[in-house]
Amino acid sequence: MSDLREVSVGTRVRVLRMERGYSREKLSEDAKISVKFLYEIETDKKGFSAHTLMNLSEALGVSTDYIMTGHGGKTDAGAVMERIHPKTLEEVEALLKLAREWIRHDERP
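Because the structure is predicted, anything quoted here is derived from the model rather than measured.

Colleague: When you look at the environment of A50 in this model, what are you seeing that I'm missing?
Modeller: Looking at the element boundaries, A50 is found in helix 4 (residues 50-60). Residue A50 is classed as exposed on the basis of its relative accessible area, which comes to 56%. As a C-alpha pair, A50 and T64 span 14 residues in sequence and 9.0 Å in three-dimensional space.

Here it is in structure tokens:
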């Protein structure tokens, strides 16, 4: 689904969960809510507290604004990494390995 701003909060949560390949069981565990409650959220049968919103936001790696309005975006480093080309990530990883080696070398007496 390309534009999640035009859908309900529950649908946004469901689509985000599915995009990440999470089962309801996984997301409910990560968000510290029951599977039944998550189902009720996804089907717009129940609303939820700010505390649950924060837990869903963290578990899905998006801002609370994004869950509620479809505006805002992803908040974690992993989300940024998803947008980087795999070849670039390989190059960054190689540079980080070199930096660790240099640090270890400089720390030797």
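Past the structure itself, the notes keep going.
Colleague: Before we go on, may I ask you to explain the nonpolar core in this structure?
Modeller: For soluble globular proteins, the rule of thumb is that nonpolar side chains tend to be buried together. Among the nonpolar cores identified, the biggest contains 15 residues, and V13, L27, L56, L60 and I67 are the most heavily contacted of them. Listing elements by their share of this core, those giving two or more residues are helix 1 (9-19), helix 3 (35-42), helix 4 and helix 5 (64-69). The leading source of residues in this core is helix 4, at four residues. Once residues lying within four places of it in the same chain are set aside, the contact partners of L56 are V13, L27, A31, I33, L38, I41, F48 and I67.

Colleague: Hey, could you run me through the packing of helix 1 against helix 3 in this one?
Modeller: Pairs of packed helices are described in terms of their axes, by the angle between the two and the distance that separates them. For the pair helix 1 and helix 3, interaxial distance at closest approach is 7 Å and the crossing angle is 120 degrees. On the basis of their axis angle, the class for helix 1 and helix 3 is oblique. Contact with helix 1, carried on its side by G10, T11, V13, R14 and R17, involves L38, I41 and E42 of helix 3 and no other residues of that element.

Colleague: It is not clear to me how helix 3 should be interpreted in this structure. Could you clarify?
Modeller: Along an α-helix, residues three or four positions apart point the same way, because every turn accommodates 3.6 residues. All of the buried residues along helix 3 are L38, E40, I41 and E42. On its buried face, helix 3 sits against helix 1, helix 2 (24-30) and helix 4. Immediately beyond the C-terminal end of helix 3, within one or two residues, lies D44, with a positive phi of roughly 60 degrees.

Colleague: Please explain helix 1 as it appears in this structure.
Modeller: Among the eleven residues of helix 1, eight are classified as buried, and the element is accordingly described as predominantly covered. Within the span of helix 1, buried status applies to V9, G10, T11, R12, V13, V15, L16 and R17. Lining the buried residues of helix 1 we find helix 2, helix 3, helix 4 and helix 5. In the segment just after helix 1, G21 is the residue with positive phi, at about 75 degrees.

Here is what the cut-offs are and how they apply
Numbering of residues begins from 1 in every chain and follows the order in which that chain's sequence is written. Reporting in this predicted model follows two pLDDT cut-offs: at least 70 for local features of residues, and 80 or more for side-chain atom pairs to be given and counted; totals over whole chains, interfaces and linings ignore these cut-offs and use all residues. Side-chain measures were taken over the full set of non-hydrogen atoms in the model, leaving aside hydrogen atoms and water. Here a helix means four or more residues in a row that DSSP labels H or I, a strand means two or more in a row labelled E, and each is numbered from the N terminus. Relative accessible area decides the class of each residue, using a 1.4 Å probe on protein chains only: under 20% of the type maximum gives buried, over 50% gives exposed, and in between gives partly exposed. Here, nonpolar core means buried Ala, Val, Leu, Ile, Met, Phe, Trp, Tyr and Cys residues that are tied together by side-chain atoms lying within 4.5 Å of each other. The contact criterion used throughout is that any non-hydrogen atoms of two residues lie within 4.5 Å. Geometry is summarised by axes, namely lines fitted to C-alpha atoms with helices restricted to the contacting stretch, and by angles between N-to-C directions that run from 0 to 180 degrees. Oblique is the label for any angle not under 35 degrees, not over 145, and not in the 65 to 115 range, which are roughly parallel, roughly antiparallel and roughly perpendicular in turn.

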